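Observations on the three-dimensional arrangement
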Amino acid sequence: MNVNSGNSGNGERDGKGPSGLPVPGTLPTTSELRRRATSFFDREMGPAETIEFQARLAEDPRALREFEATRRAIEHLKTGRPAPDLTGSILDEVERRRRLLGAHRHARRRRVSSVMTTVGAVALLAAVFFGVDAILPQLGGAPVAKHRGAPPGPLVAVPTAVDGESAAPNDALALQLRPPVDASRDLRWDISGSPMLVGAPTDIGRGGLPLETTSWAPLGTSGVWPSLFPNASVTRPPAAAMLIEPASPAKPAADDKASDKASDKASDKAKDKSESGPKPETKPDTKAKSPR
Amino acid sequence: MDRIEERRLIKRAAKGDHAAAEIFVRTYQHSVYNYILRMCGRPDIAEDVVQEAFVRALTGLDRFDPRFRFSTWLFVIARRVYLNWIQKHRPDSNSELVEARGGPAKLPETAMTRSDATGCIRDSLQAALMGLPPDQREVLILFHQQEWSIRVIAQHLDLPEGTVKSHLHRGRKRLRLLLEPYRTRIEDEAEVLG
């Protein structure tokens, strides 16, 4: 007999008074009994209310049947299955994992300690190195200037030095860098003395340098130039001059005088010979080669 | 086991005391096993999950928060292990769920002994439980089997208390409906059990 659907909140129709307690003589509906069953199963019902609820429930067979079915299911739910004894296997596994964790932690600690040892050794070596470096000058070891440069002078001296350098004549600087060259010397000597310009291509050795050969000839007297320029007139240098070695930079003055005298004599002789008649081409002395 | 005794045992077990660890295992293995067994319905899985949960709890005691009870912490771990297992074995789990929802369990035709009757009721109940949504099933198990309060369940499952109550109400109603086909047999078995 469910005539009271949607009656929640209405105390009289729920069979409850304004205070929430059931009014004597009124029958609670099935839905109300369900609601109170819910609060019974939720363990929210006090002992006195539980006794009253069970008394009301007995008057509604349908609600009673539902209530009993639910209560029975919950009772079965409470009775669990006896669990197998897992104590031994659990403790063994715990022990095994602890050993593994311990070994892992030990290995990690060992790895960290080895890294720390390495870092410490490097730091110690560095400290020893810098310590020795700092102590050595006091013991008469390596000079400080070699490592750390010259001690700085006063800054006032810098502009003075710069001015001095800028005031120096450029000619003097040039003379320092390059020794003076005798302008009176015939440049052709240098050309004829250069072995790179004469000789057959087959005479060129490794690295483009000429091989030692006995068929040296002055430029313009043999080789390709006469065939290329048959009508060209070439002034031959004095034969005696070919024997003169180039002046050594160590004794410029003495060599210049000697070469002047030699050249004078050689030119005189050459004049005499040229006047007497044509002569076959003279082979230059190997000494005429410029020293390398 | 009160809280002071529990903390003392936890300190001992964390230092590697076998006896203290054994007390924890013997005290809680039955409840954790039945919780997981009701959740999954398979004793072999329940054993594995319980063992793994205990091992994790006992090897991680240095991370235990003393504001909570050890049992609560253990159930949280067991639940995580079980959920991980579900994630790993989802297809198997689903097929078993379909099987479980297939209908009433076949009852033996011979005369039932007391243990048979208990087994039949248990099977019927387990089949009905497996027909519930997981959240309703878990709330029902924790509330009625483990007798946890609604507040503790709400904390454990990280749900509002009203939601827990709602799950409880709906779960009970659905469980009763699912058990309806078994009702007469369960009543008969209840008579056998006396």
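Attention here is on the structure that accompanies the text.

Right, let's get into the overall build of chain B. Within chain B one finds 10 helices and 0 strands. Its helices and strands in sequence order give chain B the pattern α-α-α-α-α-α-α-α-α-α, from N to C terminus. In chain B, buried positions account for 45% of the 194 residues. In chain B, once contacts between residues fewer than 6 apart in sequence are set aside, the share between residues at least 24 apart is 69%. Within the structure as shown, chain B displays about 10,000 Å² of accessible surface, and the carbon and sulfur contribution to it stands at 50%.

Our focus in this paragraph is a nonpolar patch on the surface. Together, Leu 124, Val 128, Val 132 and Leu 136 of chain A line one region of the surface with nonpolar side chains, adding up to about 340 Å² of accessible area. With respect to the helices and strands, the residue Leu 136 of chain A is situated in the loop between α4 (87-135) and α5 (144-148).

All right, on to unusual backbone geometry then. Unusually for a residue other than glycine, Arg 43 of chain A sits at a positive phi of about 60°. Not every positive phi belongs to a glycine, and Glu 147 of chain B is a case in point at roughly 55°. Considering the arrangement of structural elements, one finds Glu 147 of chain B in the loop between α7 (134-145) and α8 (150-157).

A separate point is the interface of chain A and chain B. Taken together, the 32 residues of chain A in the interface contact 46 residues of chain B. Summed over both sides, the interface of chain A with chain B buries roughly 3,700 Å², with 60% coming from carbon and sulfur. Its largest share of buried area at the contact with chain B, chain A owes to Leu 77, Arg 81 and Arg 98 of chain A, together 20% of the area lost on that side. At the boundary of chain A with chain B, the tally comes to 4 salt bridges. Connecting chain A to chain B are 17 residue pairs in polar contact (both at pLDDT 80 or more). At the level of elements, α1 (30-41), α3 (61-78) and α4 of chain A are the ones that each hand at least two residues to the side of chain A that touches chain B. At 10 residues, α3 of chain A tops the list of elements feeding residues into the side of chain A that touches chain B. Its residues placed into classes, the side of chain A that touches chain B shows 12 nonpolar, 7 polar and 13 charged.

A complete count under the given rule lists 19 salt bridges over all chains for this structure. Of the charged contacts in the structure, one is a salt bridge between Lys 165 of chain B and Glu 44 of chain A, with a shortest N-O distance of 2.7 Å. Of the two residues, Lys 165 of chain B is situated in helix α9 (residues 161-179) and Glu 44 of chain A in the loop between α1 and α2 (47-57); the pairing between them involves two chains. Among the salt bridges present, the one from Arg 56 of chain A reaches Glu 52 of chain A, with a minimum N-O distance of 2.8 Å. Taken as a pair, Arg 56 of chain A and Glu 52 of chain A lie in helix α2 at a separation of 4 residues, close to a single helical turn. The network of salt bridges with common partners includes Glu 93, Arg 96 and Arg 97 of chain A together with Glu 52 and Arg 56 of chain B.

Let's shift gears to the nonpolar core. Grouped together as the largest cluster of nonpolar side chains are 61 residues, with contacts concentrated most on Ile 90 of chain A together with Val 32, Ile 36, Phe 70, Tyr 82, Ile 153 and Leu 175 of chain B. Residues from two domains meet in this core; each of domain 1 (3-88) and domain 2 (104-193) of chain B gives at least three. Apart from the residues lying within four places of it in its own chain, the contact partners of Phe 70 of chain B are Glu 6, Ile 10, Phe 24, Tyr 28, Ala 57, Leu 61 and Phe 64 of chain B. Ranked by size, the runner-up nonpolar core spans 9 residues in total, among them Met 45, Phe 53, Leu 57 and Ile 74 of chain A.

On the surface, a cluster of positive charge is contributed by Arg 105, Arg 108, Arg 109 and Arg 111 of chain A together with Arg 63 of chain B. Looking at where Arg 111 of chain A falls in the secondary structure, it is placed in helix α4.

Attention shifts here to the packing of aromatic side chains. Inspection of every chain in the model, using the stated rule, returns 13 aromatic pairs over all chains. On the numbers, 4.2 Å between centres and 35° between planes, the contact of Phe 24 of chain B with Phe 70 of chain B is tilted. Pair noted here: Phe 24 of chain B is in helix α2 (residues 18-40) and Phe 70 of chain B is in helix α4 (residues 70-88), with a separation of 46 residues, a long-range link. Take Phe 24 of chain B and Phe 70 of chain B: they sit in the same class, and that class is buried. Among the aromatic residues, those joined into a cluster by ring pairs are Phe 24, Tyr 28, Phe 64, Phe 70 and Trp 73 of chain B. One residue, Arg 43 of chain A, lies across the ring of Phe 143 of chain B, its end atom 3.9 Å from the ring centre.

What counts as what
- Residues numbered from 1 in each chain as written.
- Chains lettered and ligands numbered in written order.
- Predicted model: local features only at pLDDT ≥ 70, side-chain atom pairs only at ≥ 80, totals over all residues.
- Heavy atoms only, no water.
- Helix = DSSP H or I, 4+ residues; strand = E, 2+ residues; numbered from the N terminus.
- Buried < 20%, exposed > 50% of the residue type's maximum accessible area, 1.4 Å probe, protein only.
- Contact = heavy atoms within 4.5 Å.
- Areas by Shrake-Rupley, 256 points an atom, 1.4 Å probe, with all protein chains shown as cover.
- Patch = residues over 30% accessible without salt bridge, like charges linked within 9 Å, V, L, I, M, F, W, Y side chains within 5 Å.
- Salt bridge = Lys/Arg side-chain N within 4 Å of Asp/Glu carboxyl O.
- Buried area = accessible area lost by both parts, 1.4 Å probe.
- Polar contact = N/O pair within 3.5 Å; in protein donor to acceptor, adjacent residues only side chain to side chain.
- Nonpolar A, V, L, I, M, F, W, Y, C, P; charged D, E, K, R; others polar.
- Core = buried A, V, L, I, M, F, W, Y, C linked by side-chain atoms within 4.5 Å.
- Domains from an automatic or database assignment.
- Lys, Arg positive; Asp, Glu negative; His and termini not counted.
- Charge placed at Lys NZ, Arg CZ, Asp CG, Glu CD.
- Phe/Tyr/Trp six-rings, centres within 6.5 Å; stacked < 30°, edge-to-face > 60°.
- Lys NZ or Arg CZ within 6 Å of the ring centre and 35° of its normal.

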